[in-house]
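For reference, the chains in residue letters:
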Amino acid sequence: SEKLLKGRGLQIVSPKPDHTFELDERSLAELLDSPDVRNRSVVLVAVAGAFRKGKSFLLDFFLRYLHHTYVLNSNDENWLGPEDEPLQGFGWRGGSERHTTGLLLWSQPFKATLENGEKLFTDYGRVALEKTEGKPFQHLQFLVRDWSVPYEYPYGLEGGMKLLEKRLEVHENQHEELKTLRREIRSFFSQLSCFLMPHPGMKVATSKEFNGKLTGKEQFSSIS
């Protein structure tokens, strides 16, 4: 069925027990040098963070949106799909042990054409970007899960931006490293944003059988 995702999480960089990393050059070359994508510009969205924080889970919703938009060529807003549809894509599971390590890319690029005619494809994974002219990185978005004080800063983008501005303030009594970090974040990224998310409910957080269906969430807010 065309509604099913085609592809898999492709392990490009693997960590080794001796704390080194191994690059799978063949897999990376096959992905980037295929005839239908080699001459296109590349858009990369990097998701990084501590283990057991929902990175792969988040990426799978990105994949669902991209599949809906660029494979099914649908312009409607129902990209989340049926509420009883299990979540596909990068492997994820609950528990206390790490599940995804290293650097993964989705094996099937999503090809798009911009309004100006420029062709590109989008791919997802965790990558390191080389420095370019101007600010070396484009957009850094902080996603704060399980936000517990919406009465101080409300869920969503508006509350998140207010919280981010508060956290990035530089004060004279701060340690010099903290001052430097805040200044560098602003100088390294062209755009900063923050989004505050509610806790999904105990059924999601404690159930081993939860498979990503939207019907499994006990609380869902229409936050924008």
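Because the structure is predicted, anything quoted here is derived from the model rather than measured. (Residues numbered from 1 in each chain as written. Predicted model: local features only at pLDDT ≥ 70, side-chain atom pairs only at ≥ 80, totals over all residues. Heavy atoms only, no water.)

(A) Quick peek at the overall build of the protein. Of regular secondary structure, the protein possesses 5 helices and 8 strands. A buried classification covers 30% of the 224 residues belonging to the protein. About 15,100 Å² of surface is accessible on the protein, with carbon and sulfur atoms providing 52% of the total. (Helix = DSSP H or I, 4+ residues; strand = E, 2+ residues; numbered from the N terminus. Buried < 20%, exposed > 50% of the residue type's maximum accessible area, 1.4 Å probe, protein only. Areas by Shrake-Rupley, 256 points an atom, 1.4 Å probe, with all protein chains shown as cover.)

(B) Spatial organisation of the pattern of salt bridges. Considering all chains together, one arrives at 7 salt bridges under this definition. Across the pair R38 and D33 runs a salt bridge whose closest N-O atoms are separated by 3.4 Å. Accessibility expressed as a relative area gives 45% for D33, which makes it partly exposed. With its nearest N and O atoms 3.6 Å apart, the salt bridge here joins K179 to E172. Here the residues in one salt-bridge network are E172, E176 and K179, joined through shared partners. (Salt bridge = Lys/Arg side-chain N within 4 Å of Asp/Glu carboxyl O.)

(C) Local environment of helix α3 (residues 157-167). Residues of α3 that are buried: G159, G160, L163 and L164. One face of α3 carries all of its buried residues, which in axial projection span an arc of 135 degrees. Looking at the buried residues of α3, the elements they touch are β7 (137-144) and β8 (189-196). (Arc of directions from axis to C-beta. Contact = heavy atoms within 4.5 Å.)

(D) Just the confidence of the model for the protein, in detail. Scored by pLDDT, the protein has a mean of 76; 77% of the residues are at 70 or more. Per-element confidence in the protein ranges from a low mean pLDDT of 46 for strand β6 (residues 119-125) to a high of 94 for α3. Confidence over residues 219-224 falls short of pLDDT 50; this stretch has 14 contacts with residues more than four positions distant or in other chains. (pLDDT = per-residue confidence, 0-100.)

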